[in-house]
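# Notes for the structure review
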Amino acid sequence: MIEVVDVAIIGAGPYGLSVAAHLRARGVGVVVFGEPMATWARFMPQGMRLKSEAFASSLSDPGGALTLRAFCRERGLPYADLDHPVPVEVFAAYGEAFAARFVPGLDRRNVRLLSRHDGLFKLELDDGAVVVARDVVVAVGIRPYAHVPAVFAGLPAERLSHTADRSDYSAFAGRRVAVIGTGASAIDAAAALTRAGAAVRLVGRGRAVTFHG
């Protein structure tokens, strides 16, 4: 017999972990699937700083016990509510510490298929296992929505990549690179490429770039 859990949460980033912390505090049976903080730890440019101010970058637990401020104090890391951009490595480590404290038993397997079955939710995992849940929270973040415009679809893989798939830009040293877009991800990528020694051109439709309004 397959065990039925109360709530399955797909995704172990800031939102998935925060929801799990609140549900567990209410006595709800929760299983979280995914590698904690995977997007932040593995798919953000190395050396990146968070765009949000530190005071607004905490995960949420019912008692507010493990804020980003508290985590940095525990680890002896520099912290200020304002005007001290948070390194992405610190934020990823903070999320993993939050998961360890508030989401014990987190399941690091990924969900590859979600379907309805007899009024319940059926989750098929990447190793072939099946879990059934009464309710599901989907907190998969932004990576599944990476989009490459059709005009670039014919470019070979060695000439085209998406920011969602890169954290290390050292392979571009000495090369000329066009970054398409003028949002925060594009600007972060352009900065990382410049640090890596690439000649970068940022290409966008607008006349101005607004990183932080």
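All of these numbers come straight from a predicted model, not from anything done at the bench.

## Some details on the overall build of the chain
Of regular secondary structure, the chain possesses 5 helices and 7 strands. Mapped in sequence order, the helices and strands of the chain form the string β-α-β-α-α-α-β-β-β-β-α-β. When its C-alpha atoms are laid out on the principal axes, the chain stretches across 55 × 45 × 30 Å. Counting over 213 residues, the chain shows a buried share of 34%. Per element, the accessible surface of the chain, about 12800 Å² overall, is 52% carbon and sulfur. Here the chain holds 24 positive side-chain charges and 20 negative ones, and the gap between their average locations is 7 Å.

## Quick look at helix H4 (residues 88-102)
For H4, which comprises 15 residues, the first-to-last C-alpha distance of 21 Å matches the rise-based estimate of 21 Å (1.5 Å per residue) to within 8%. The complete set of buried residues in H4 reads Val88, Val90, Phe91, Ala92, Tyr94, Gly95, Ala97, Phe98, Ala99 and Phe102. Of the surrounding elements, those touching the buried residues of H4 are helix H1 (14-25), helix H2 (38-42) and helix H3 (68-75).

Rules and cut-offs
Residues take numbers from 1 onward in each chain, read along the sequence in its written order. Given that this is a predicted model, residues contribute local features only at a pLDDT of at least 70 and side-chain atom pairs are listed and counted only at 80 or more, while totals for whole chains, interfaces and linings are drawn from all residues. Here the side-chain values reflect all heavy atoms present in the structure, with hydrogen atoms and water set aside. Numbering of helices and strands runs from the N terminus, with a helix taken as a DSSP run of H or I at least four residues long and a strand as a DSSP run of E at least two residues long. Burial classification: accessible surface area is computed with a 1.4 Å probe over protein chains only, and a residue below 20% of its type maximum counts as buried, one above 50% as exposed, and the rest as partly exposed. Note on areas: Shrake-Rupley with a 1.4 Å probe; residue coverage comes only from the protein chains shown. In this tally, Lys and Arg are treated as positive and Asp and Glu as negative; His is ignored, and so are the chain termini. A charge is said to be at NZ when it belongs to Lys, at CZ for Arg, at CG for Asp and at CD for Glu. Residue count minus one, scaled by 1.5 Å, sets the expected span of a helix. We call two residues in contact when some of their heavy atoms are within 4.5 Å.

Without other data, these values stay purely geometric and don't point to any function.
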